[in-house]
Amino acid sequence: DVSSPKHGKVDPYNMPHVGGNMWAGGTGGRDTAGLGGKGGPYRLDAGHRVYQISQAEKDAVPEEVKRAAREMGEKAFKQRLKEIQMSEYDASTYERFSGAVRRQVQSLRIILDNLQ
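Reading the values: the criteria
- Residues numbered from 1 in each chain as written.
- Predicted model: local features only at pLDDT ≥ 70, side-chain atom pairs only at ≥ 80, totals over all residues.
- Heavy atoms only, no water.
- Helix = DSSP H or I, 4+ residues; strand = E, 2+ residues; numbered from the N terminus.
- Buried < 20%, exposed > 50% of the residue type's maximum accessible area, 1.4 Å probe, protein only.
- Contact = heavy atoms within 4.5 Å.
- Domains from an automatic or database assignment.
- Salt bridge = Lys/Arg side-chain N within 4 Å of Asp/Glu carboxyl O.

Peer 1: Explanation requested: the environment of P41 in the structure shown.
Peer 2: As for its placement among the helices and strands, P41 is situated in the loop between β2 (34-35) and α1 (55-59). Relative accessible area serves as the criterion here: at 8%, P41 is assigned to the buried category. Sequence separation between P41 and G99 is 58 residues, and the spatial gap between their C-alpha atoms is 23 Å. Residues contacting P41, with those up to four places away along its chain left out, are P5, K6, D31, T32, A33, A69, M72 and G73.

Peer 1: Explanation requested: the domain arrangement of the protein in the structure shown.
Peer 2: One widely used convention gives an interface's size as the accessible area the parts lose upon coming together. Once the domains are mapped, the protein shows domain 1 (1-85) and domain 2 (89-115). For domain 1 versus domain 2, the separation of C-alpha centres amounts to 24 Å.

Peer 1: Even after reading the chapter, I still don't get the pattern of salt bridges, so can you show me in this structure?
Peer 2: Should their charged atoms come close, side chains of opposite charge can pair. All chains considered together, the criterion is met by six salt bridges. Between E74 and K78 there is a salt bridge, and its shortest N-O distance comes to 3.9 Å. In this pair, E74 and K78 are both assigned in helix α2 (residues 63-83), four residues apart and thus about one turn of the helix distant. The exposure class assigned to E74 is partly exposed, which follows from its relative accessible area of 34%. You can call K78 partly exposed: its relative accessible area is 42%. A salt bridge links K78 to E88, with the nearest nitrogen and oxygen atoms 3.9 Å apart. Here K78, found in helix α2, pairs with E88, found in helix α3 (residues 88-115); they are 10 residues apart in sequence, far enough to count as distant. Shared partners join several salt bridges into a network, and the residues in it are E74, K78 and E88.

Right, dumping it as structure tokens:
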């Protein structure tokens, strides 16, 4: 069951973590920032294979936990914008331009990774 969203502990060795309720950047777990899980405050990719839980499990998260996760994610987003000295308007403008070339950038990254 989910209880309350949190960032989670950071693994100093960046080992992959699947499931559970402890590690930031894990996959398929609950309550912590990561990918493929439920009840976490925001997505956090640590570069590992993503294990996805079912949509039914995600839909079963209580509304108060979803609300708390959204609030925590919004707070973290605003804090990050402040750290990089970017306004919300700047962020939306960046997202608009970035979204227009996202597929091309991803293709270029794949090509460059293969060249390395």
